[in-house]
Amino acid sequence: MPLEILLVLVVGGIAGITLLVHLTGRSQRCVLSSETAREQWVRHFPEDTVIDVTVAHDRHAALVRTENGPGLLWSFGADTVAQRLLDYDLLDRTDGFEILFHDFGTPNAIIHLEDLERPHWRNLMEPA
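Residues numbered from 1 in each chain as written. Predicted model: local features only at pLDDT ≥ 70, side-chain atom pairs only at ≥ 80, totals over all residues. Heavy atoms only, no water.

Peer 1: Could you clarify how one ought to interpret the confidence of the model for the protein chain in this entry?
Peer 2: As a note on interpretation, predicted positions should not be read in detail where pLDDT is low. Per-residue confidence for the protein chain gives a mean pLDDT of 91; residues scoring 70 or more make up 98%. No element of the protein chain has a lower mean pLDDT than helix α3 (residues 117–125), at 91, and none a higher one than helix α2 (residues 34–44), at 96. (pLDDT = per-residue confidence, 0-100. Helix = DSSP H or I, 4+ residues; strand = E, 2+ residues; numbered from the N terminus.)

Peer 1: Could you clarify how one ought to interpret the sheet that holds strand β5 (residues 88–93) in this entry?
Peer 2: Either a parallel or an antiparallel arrangement is found when strands of a sheet pair, and the pairing is made through backbone hydrogen bonds. Strand order in the open sheet formed by three strands is β5-β6-β7, and the pairing between neighbours is antiparallel. Looking at which strands have only one partner, the edges of the open sheet turn out to be β5 and β7 (109–112). Across the sheet, the axes of successive neighbouring strands diverge by a mean angle of 20 degrees, strand direction being ignored. Of the strand pairs in this sheet, β5 and strand β6 (residues 96–101) are connected by six bridges, and their pairing is antiparallel. (Pairing = 2+ DSSP bridges. Axes fitted to C-alpha atoms, helices over the stretch in contact; angles between N-to-C directions.)

Peer 1: Sorry, what's going on with the nonpolar core here?
Peer 2: Burial of nonpolar side chains together is a common tendency in soluble globular proteins. Membership of the largest hydrophobic core comes to 17 residues, with the highest contact counts inside it found for Leu 72, Trp 74, Ile 99, Phe 101, Ile 111 and Trp 121. Contributions of two or more residues to this core are made by β2 (61–66), β3 (69–76), β6, β7 and α3. With sequence-adjacent residues up to four places away left out, Trp 121 is seen in contact with Thr 54, Val 55, Ala 56, Ala 61, Ala 62, Leu 63, Leu 72, Phe 97, Ile 111 and Leu 113. Leu 32, Ala 62, Val 64 and Ala 82 belong to the second largest nonpolar core, which has eleven residues in total. (Core = buried A, V, L, I, M, F, W, Y, C linked by side-chain atoms within 4.5 Å. Buried < 20%, exposed > 50% of the residue type's maximum accessible area, 1.4 Å probe, protein only. Contact = heavy atoms within 4.5 Å.)

Peer 1: Would you take a moment to explain the pairing of β3 for this structure?
Peer 2: Two faces belong to every sheet, and in a regular strand the side chains alternate between them. Across the eight residues of β3, six count as buried, placing the element largely inside the fold. In the sheet, β2 pairs with β3 via six bridges, with the strands oriented antiparallel. Directly across from Thr 66, in β3, lies its bridge partner Gly 69. Here six bridges tie β3 to strand β4 (residues 79–84), and the two strands are oriented antiparallel to one another. Counted as the bridge partner of Leu 73 is Ala 82 from β4. Where β3 folds back on β4, the antiparallel hairpin that results is connected by two residues, among which Gly 77 adopts a positive phi of roughly 75 degrees.

Take a look at the structure:
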């Protein structure tokens, strides 16, 4: 098969799959409620017992308090990422916080918070 035809088939196939994923709604960001945040945390850390969940107003992040300390759960595309708040830097932004984890494998998290949410979240993020 000529390379030009193969290239068209590959590019067309990738574009078709991308379009199909987008049209079926699978490209939307995960929206969290208290219950889904709890379920997602347990999916990431099955040994944890969740004490309390605080969901951000935009519903794309949640602060989870467990017996092992606080943790952060946030939307990463259609899925979630969970990380315990053990070793991180917290940077203030005009629209919330940016959390820089010292773990090489964990992406930075940008949490969009309203002005009234910030002090509450900052207080809950401190270890007990």
